[in-house]
Amino acid sequence: MVMKKILFFIFLLVLNLQLIAQVTIQGTVKSVTDGSTLPGVSILLKGTTTGTVSDLNGHYSITVPKKGTLVFSYIGFKSQEIAIANNAVIDVILSPQSVGLNQLVVIGYGTVKKSDLTGSVSSVKGSAFALQSSDNPVMALQGRASGVRVIGSGQPGTSPTVQIRGIGTIGNSSPLYVVDGMMVNNILFLNNNDIASVEILKDASATAIYGSRGANGVILITTKKGSSLKPTFSFNYSEGIEKPFPFKLVTAAQYGQLINEGNINEGKAPAFPNPKALGQGTDWYDAAVHSSVVHDYQLSFNQKTKNSRYYISVGYHGNPGIVNKSGYNRYTIRLNNQYDLTKKISIGHNVTFVSSHQDNMNLGHVFGWLYRVPPTEPVYDQNGAFNDVGVGSNGNVPAAIYYTHNYTNRLRAVGNAYLNINFLKDFTFKSSIGINMQRAQNTNFIPVYHVGTGSQKNNVNSVYKKWSMVKDWIWENTITYDKTFGLHHITFLAGYTAQKNYSESLIGTRYNLFAEDPSLWYLNAGATDGQTNANFASTNAIASWLTRVNYSYQDKYLITVTMRSDASSRFPKGQRTGYFPSAALAWNLTNESFIQDLKWVSYAKIRASWGKVGNDKIGDFRYFGLATTSLANYAIFNNMLQVGSSVTGLVNTNVTWETSESKDIGFNLGLFNNKFHADFDYYSRVTKGMLVDIGVPETVGFSATEGNVGSVENKGIDMKVSFRETRGDFRYSIGMTGTTINNKVLDLGTTKQIISGWNNSSRTTVGEPIGYFYGYKAIGVFQNQAQIDAHATQATAKPGDLIFADLNHDGVINAADRTKIGSPIPKFMAGTNLMFGYKSFELMVDMYGSFGNDILNVKAVESYSSLDNFTTQFLGRWHGSGTSNTIPRITYGGQNKQWSTRWVENGSFWKIQTVRLSYNITSSLLKKVKIAKAQIYLDGENLHYFTKYHGSTPEISSSSPLVAGIDRKIYPMVAYYTFGAIITF
Amino acid sequence: MKNIKLILILLLVVAGVSCSKNFLDVKPLANPSTDVLFKSEAGINMLLNATYAELRSFNLSGFGWFVAKEVGSDDANPGSNAGDHSVARMRDFQNFSYLPTETDLNSFWSGNYNLIAKANLVIQYAPNVKFTDTADRARYIGEAKFLRALAYFNLVRGWGGVPLITKVVSDPTSAAKVIPRSSVAEVYAFLEKELNEAIGVLPLKSGYPANELGRATKGAAQTLLAQVYLFQQKNSDCLKECMNVINSGEYSLYPKYWMVSNVNNQNGAESIFEVQFQYNLDIANSWQQWQGVRGTGSGWGFFSPSLSLANSYEAGDPRRDYSIYFKGEPWPYSGETNIHWAAGTDPRANEKTMLPRPFPPGFAGHSPLNRVVMRYADVLLMAAECDNELGNTSDALKYLEMVRARAREGKPVLPEITETNMIKLRHIIWNERRHELADEGYRAYDIRRYDKVEPGFAKKLYDALGRTNYSAKDALYPIPQIEMDFDTKGVLQQNPGW
């Protein structure tokens, strides 16, 4: 009996010994893409909780039983399972997950597997933004996200114009930005390096969940979260030169010649007896525009532990601009942390604090004047003081810049805090409170100055201060239910959100400051005489319900239905609530037997969607009859002011949302084991109830009122193809995006046409795109009087003037012979993305182009005096029979300056958007200094534009589609040449 | 634990629902609404004041006014310098080679209708508001009617029959309906009715308290009515109104001519109605800032007196130097020399807009110099003209002499007129008007009036200046193209020849 027990015990011991018979395995984990070692890789003994993590050098060591399997997993890479067998050393090479179909795509209020996606969504990875030189991340979307049109501006600290799938309204057509679930109007607070991914929601199925704000598309930005199992620091460093593109104006000698001709043509005496003697003269563009250095630094910390995730970053971006006093610099701190309080409850926050300083350059004083100042005038006179150029009140541009002191300091906090509760196994409750708070302080000090004795002067100094604050909050509560029953998978979402926005401004001005030192640029330093003050505020609120159901059967048949109702304070009671439904169907052909038989097809899905979304971007109190409060309505009696007020305009008490009804049909294809990808969509969206000023005749005496009477249609194709391959040490990818836009106004109510633009250059009418250019068709230049006589009656025409076509064949050239002469909306945009990699080197070449859009070259036509300078294009003007058939003789007014095809140029361009060469340093030196990864790169952006356009840049941004494509006061795009490094330790 | 969570969730949801009721009722901040304006006595007063303020607008005292009332005549040139975009356009206008799209005429048309709309609000809403003193309400309505009449009188002389709008419609679709043009006779009948009503309720100039100096008076309404009659050649009605003004004893000529438009002498004894301005850096003087001498900080140099005007004065007429500031002269009233005129400008400027130096800061753009709309000298000259037409020659010569005597300043110039031939005296009086009221917004419409009295007068006058494009169609301005374009149903008829 005891013997049995002892034997049993020994048996157990032996058994245990066997079990305890462990072995220590070690090895190194590397990545196949560039051979770099991977720190923080999780190594688990399969089926147990025994595990470890690779260190900074990718090295691991684990003690495990002889029998078993080790599972190696790492974010973004395919997991590998390797049997322990009898190995003492197991080195592993992990491959990145291919454009993963199990990859999660962020959509509104949740995420979904790419294979389950029924809507049209473009994804752009964070790496595209991190290495970009511009301070606004949205610029990186050019050519990389199909369906998105981005028009940049060279001015630091400004938002580019963004349009998704055409232009949906004549009002505000910018998309909605959602950053980590927080809705914002601009993303100037975002540090490029903090972005993990950007999803662009394009069709109604994806955007309808945002209801009254989704009509212009939604850009969802997800910032980085803690993901690295080993605490990781990352330092991004970049220094670059931004270089303006040259802009050619004529020399003083040429200017003299042209002015003489102009004077003679206007019946006056020539101004310069000997133009040649004027020589080269002053290059005013050169005098004010120059290269400068751009800096961007960021340090971030990233860690994921068992119960929490941390991502903390600090960053600095500084860009002085290519003109003095147009710069912008920004400090950001970001805290994206999540804490698991229990297994089921977690809280977190994604918040950023930004402090920025922006020099407010007056675009009109610089880019509105540089091409007008005569080259015969020097910048400085013989005493070294600024020279009075005799043209305009800001003619000497360097002087105007010198005397400008206008800047804004901003402090901003944007972000949200959230609570996540998982309950009843399949339910998740999320409540989050988001805020957007900003305080901006603008100071504008104008000193006393006199440039010579002319009109460029200021006799009384003044200081202007504007304090404005924004306080927005949004509270969102959602419940999600996600369950798979056998072949069915269902996700159900229901939510309620409330949002309130508030802004207020306080302004004060004083004149006659005691002295002009910056320490006195405060109101108290000014006299009390003539002081003014102002204070105004605005607010709006929205309350919404939303719901979504995603259902899939067998992973093959997918359906998504969403519904949102928004009630907004912007609309009168009774018209407050809008309902925005959508539905989408998709057929995931990948798992169908007939597709599986085709070995070369690895993924195929076709989808179709329909939905209604809204646009609420109108003013806050549109339906109230507001009274004016300005001095312009005060009467003066006995030299004293008496309060006067009138209405600001007629009022429409029935104003409501603009609604966009959108349809989409498309397919996604993966071939050759997903080496080749194609995404193709045909979209069609019609905006109804577009707010249009209900035209009234001038006799009404008040400005037009607005009604929801307009309609606009946008149709086109939105596609992306890519091919990537890895062969040994060599890897490459080729990609292309393409978007077509067909924009047409369908209805404007009683308004026959909307006249807009500069000097009534643009029109919007039914049957044509928004904001097209309108004028005469110039078909040549009159070479002699006989031609004038032979042509239809063109009153006051002389030889050298433009020939306007007699479009209505009535024998007279008058206002009836004007027509559409161009459109600022492109017919299509395309981007190409090429990448070549060999071992640790990688070369990226991206190009982007816009085709079929026209630009109105206002810079060339604008002149208010017989003194303005000329661009070199004018050297080709007519100055005698046979000298030109396109550019007329020099005149300062008259018919040659009327809007005609002479001033509308083809704005198509193709640009070298990015060329980047990067190298991953893998030397053992790095390990000695405990650096896990180091990458250095050289980057060039906007290197060259291939274009026929004569202006300083073919990228013309605009504040509204009604004044699009007008080249006037444009801060031109610049080229960047950057050197940088990314060091991870 | 789970139950607690569920309860928390429900609470949150309930909280959300319950706060939505008042959450969305948001009132405009920092901005009053029509509740105040249309329904209270103070509101009506504010509406009335805003109507006066409209007279200061760029359209009614700036380019729109210059072009419609002076540049087309023989008294004024566009001014400024040749390369200026606006000058090229005004040259076309002056040479009668312009189109219905002409911007400045468009401005004047819109400006007058803006004034009409603002006045309509007062007239429309005042009757329903409780006033502490009903006489105030009657007076406000009378003032609004006077201002509205000013606008319609400018429109009918410029364009002929125009749409008669007397109410502001609030419903958008009704507002978009095009109102047809009334006939010239209908507009004049309306003007006569309106002004007679205003005369009935407006106080005399001396009847206003001092702090209301500048408001419309009985005398102003009578003067305007006299002008209305004169344009219709209703000479005896005109004379009757002129005599009402003359016999009221409220007005007298200034002792010296330079005082008729001078910053130190505003709203004085001779002034019947002026557009009021104030030295205020936030209020633009849209009349003065565009005139003056370009390059001196006194204005942009537009609207310069013409050579024709300069040469038309009688020998030694002091008014020539008080009306025209010639290049090379010392600065008016303060005498600085070596004034630098900008290149390419006419060597003459409207001296009635000049201010003595040194200027307070920001002066040209914000000076307190008022634009004189009507003054006593005009009443005297209208009386002279009507008396002449009616055969009361001695009265005509009496009033004519009153004006010339003041202008003469005791010098041996401007001999007293003794001509008794009606036609000859008529022309003498017309020339006297030209010299007395130079550049005050009379000439272009006066030429049209003379053309009605003596058909062919205008053509002969413009031909003599070399502006041979003048034709029958130029007796009226074209209805702005933008109005014709908006009218898709052909409700509006364009003026003949346009």
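All figures in this text were calculated on a predicted structure; none of them were measured in a lab.

Caption draft 1: Spotlight on the interface of chain A and chain B. Contacts between the two partners involve 80 residues from chain A and, on the opposite side, 74 residues from chain B. Roughly 6,700 Å² is buried in total at the junction of chain A and chain B, and carbon and sulfur atoms are behind 67% of that figure. At the surface where chain A touches chain B, the tally comes to two salt bridges. Taking the shortest distance from any N to any O, the salt bridge between Asp25(B) and Lys573(A) comes out at 3.2 Å.

Caption draft 2: Looking closely at the sheet that holds strand E16 (residues 218–223) of chain A. Residue and element names in this part refer to chain A. Here we have five strands laid out as an open sheet, ordered E10-E15-E16-E13-E14, and mixed in their pairing. Edge positions in the sheet fall to strand E10 (121–125) and strand E14 (182–184), since each of these pairs with one other strand and no more. Direction aside, the axes of adjacent strands within the sheet are offset by 20° on average.

Caption draft 3: Here's a closer look at the environment of Lys715(A). With respect to the helices and strands, Lys715(A) occurs in strand E36 (residues 705–727). With 31 residues separating them in the primary sequence, Lys715(A) and Ser684(A) have C-alpha atoms 4.3 Å apart.

Caption draft 4: Seen up close, a nonpolar patch on the surface. All names here are of chain A. Judged by side-chain polarity, Phe730, Phe836, Tyr838, Phe841, Leu843, Leu917, Ile936, Leu938 and Phe979 come together as a nonpolar surface patch covering roughly 790 Å² of accessible area. Contributing elements (two or more residues each) for the nonpolar patch: strand E45 (828–838), strand E46 (841–851) and strand E50 (933–947). On the secondary structure map, Leu843 appears in strand E46. For Leu843, a relative accessible area of 31% corresponds to the partly exposed category.

Caption draft 5: Seen up close, the environment of Phe303(B). Residue and element names in this part refer to chain B. Inspection of the secondary structure puts Phe303 in strand E3 (residues 302–305). You can call Phe303 buried: its relative accessible area is 0%. On a C-alpha basis, the gap between Phe303 and Gly466 in space is 19 Å, while along the polypeptide they are 163 residues apart. Look past the residues within four positions of Phe303 in its chain and what remains in contact with it is Trp65, Phe66, Glu70, Ala76, Asn77, Pro78, Gly79, Gln291, Asn350 and Asp439.

What counts and what doesn't
- Residues numbered from 1 in each chain as written.
- Chains lettered and ligands numbered in written order.
- Predicted model: local features only at pLDDT ≥ 70, side-chain atom pairs only at ≥ 80, totals over all residues.
- Heavy atoms only, no water.
- Contact = heavy atoms within 4.5 Å.
- Buried area = accessible area lost by both parts, 1.4 Å probe.
- Salt bridge = Lys/Arg side-chain N within 4 Å of Asp/Glu carboxyl O.
- Pairing = 2+ DSSP bridges.
- Helix = DSSP H or I, 4+ residues; strand = E, 2+ residues; numbered from the N terminus.
- Axes fitted to C-alpha atoms, helices over the stretch in contact; angles between N-to-C directions.
- Patch = residues over 30% accessible without salt bridge, like charges linked within 9 Å, V, L, I, M, F, W, Y side chains within 5 Å.
- Areas by Shrake-Rupley, 256 points an atom, 1.4 Å probe, with all protein chains shown as cover.
- Buried < 20%, exposed > 50% of the residue type's maximum accessible area, 1.4 Å probe, protein only.

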